[in-house]
Structure formats: structure tokens, C-alpha cells
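Descriptive analysis of the structure
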Amino acid sequence: MISLILSLIGLALGIIIGYYIPVTYPDSYSLYISVGLLAAMDSVFGAIRATLEGKYDGIIFVTGFFGNAILAGILAYIGDRLGFPLYYASIFVFGGRLFQNFAIIRRYAFNKLINKKRGN
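Cut-offs applied
Residues numbered from 1 in each chain as written. Predicted model: local features only at pLDDT ≥ 70, side-chain atom pairs only at ≥ 80, totals over all residues. Heavy atoms only, no water. Helix = DSSP H or I, 4+ residues; strand = E, 2+ residues; numbered from the N terminus. Buried < 20%, exposed > 50% of the residue type's maximum accessible area, 1.4 Å probe, protein only. Contact = heavy atoms within 4.5 Å. Areas by Shrake-Rupley, 256 points an atom, 1.4 Å probe, with all protein chains shown as cover. Lys, Arg positive; Asp, Glu negative; His and termini not counted. Charge placed at Lys NZ, Arg CZ, Asp CG, Glu CD. Phe/Tyr/Trp six-rings, centres within 6.5 Å; stacked < 30°, edge-to-face > 60°. Expected span 1.5 Å × (residues − 1).

From N to C terminus, the protein includes 4 helices and 0 strands. Counting from the amino terminus, the protein carries its helices and strands in the arrangement α-α-α-α. Taking the principal axes of its C-alpha atoms as reference, the protein extends roughly 60 × 30 × 25 Å. Across the 120 residues that make up the protein, the buried fraction comes to 24%. Sequence separation of at least 24 residues holds for 75% of the intrachain contacts in the protein that already meet a minimum separation of 6. Accessible surface, the protein as shown: approximately 8,800 Å² in total, 70% of it carbon and sulfur. Of the charged side chains in the protein, 10 are positive and 5 negative, and the gap between their average positions amounts to 18 Å.

Okay, structure coming up:
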């Protein structure tokens, strides 16, 4: 649970720092960054889900976070060089898992709330 709290604090600090430090990048990188962010968000939601299931492992989270983001960026780059929208594969896989993890997290939260109201 401590690892999850530290991860969320790190995420919040990253968002705050990113908001207040004006970093710009060329428009041509926006595809790579957006696909990388999607992959990173998938890892964060997967970590939250794993914590709720009691299966969280910090090493798995860190390697998945960076590995998925880098893989998604590489797929987008290769597809861009080949003239084929290969980034759709990343969007499909990571987007689907993101919504699936969110649905499971939502079920855990609602079940916990319902059980609390029932007094279980």
C-alpha cells in the first residue's frame, strides 16, 4: 500500500511540475508523446488494480511503465517511417486495457462501498 501511495504522490508531483514548467516540443512529436502517455496511464491503472487485488509489485510497475511507453513510442516511430499507422496497435491494446482496468477498479470501489453500507 505504501508503494501505491508513493506512486500516486510521484504522479501528482509530475503533473504539477509539468504544469508549471513550460516545456515545449515540436508538433511532429505529439503522436509519440500521446501514445507513450496512453501506455504509461495503462501501467498506472494496472498498478492500482494490482494493489486492490493484493498482487502489486513495484519492479513490475516500473518496468511496465517505462517499457510500455518506450514500446509504444517505437511502434509509432516505425509506423511513421513506413508510412503505416502502426500506432493504432498501441492505442487499441493500451486503450482497451486502460478501460478494462478502470472497470475493475470501479467494481472494487463500489463493492467495498456497498459492503460497508451493509455492515459486512
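Here the structure, examined in full by the defined rule, presents 8 aromatic pairs. For the ring pair F45 and F102, a centre distance of 6.1 Å and an interplane angle of 70° mean the geometry is edge-to-face. Here F45 is found in helix α2 (residues 30-53), whereas its partner F102 is found in helix α4 (residues 87-118), with 57 residues between them in sequence. Relative accessible area serves as the criterion here: at 22%, F45 is assigned to the partly exposed category. Taking relative accessible area as the criterion, F102 reaches 43% and is therefore assigned partly exposed.

In this section: α2. The end-to-end C-alpha separation of α2 is 34 Å, in line with the 34 Å expected for 24 residues at 1.5 Å each. At the exit of α2 stands G54, carrying a positive phi of roughly 75°.

This part takes up the side chain of S90. Looking at the element boundaries, S90 is found in helix α4. Residue S90 is classed as buried on the basis of its relative accessible area, which comes to 1%. Sequence-distant contacts of S90, that is, excluding residues within four places in its chain, are made with V35, L38, A72, L75 and G95.

Another aspect to go through is helix α3 (residues 58-82). Here α3 is 25 residues long and its end C-alpha atoms lie 36 Å apart, about the 36 Å a rise of 1.5 Å per residue gives. For α3, the full list of buried residues reads F61, G64, N68, A72, G73, A76 and G79. Note on α3: the residue one or two positions beyond its end, G83, has a positive phi of about 80°.

Among the secondary structure elements, G14 is positioned in helix α1 (residues 2-20). Here the alpha-carbon distance between G14 and A72, two residues 58 residues apart in the chain, equals 20 Å.

This part is about the environment of Y87. The residue Y87 is located in helix α4 in this model. Along the primary structure Y87 and F99 are separated by 12 residues, whereas in three dimensions their C-alpha atoms are 18 Å apart. Setting aside residues up to four positions removed in sequence, Y87 forms contacts with L31, V35, L75 and A76.

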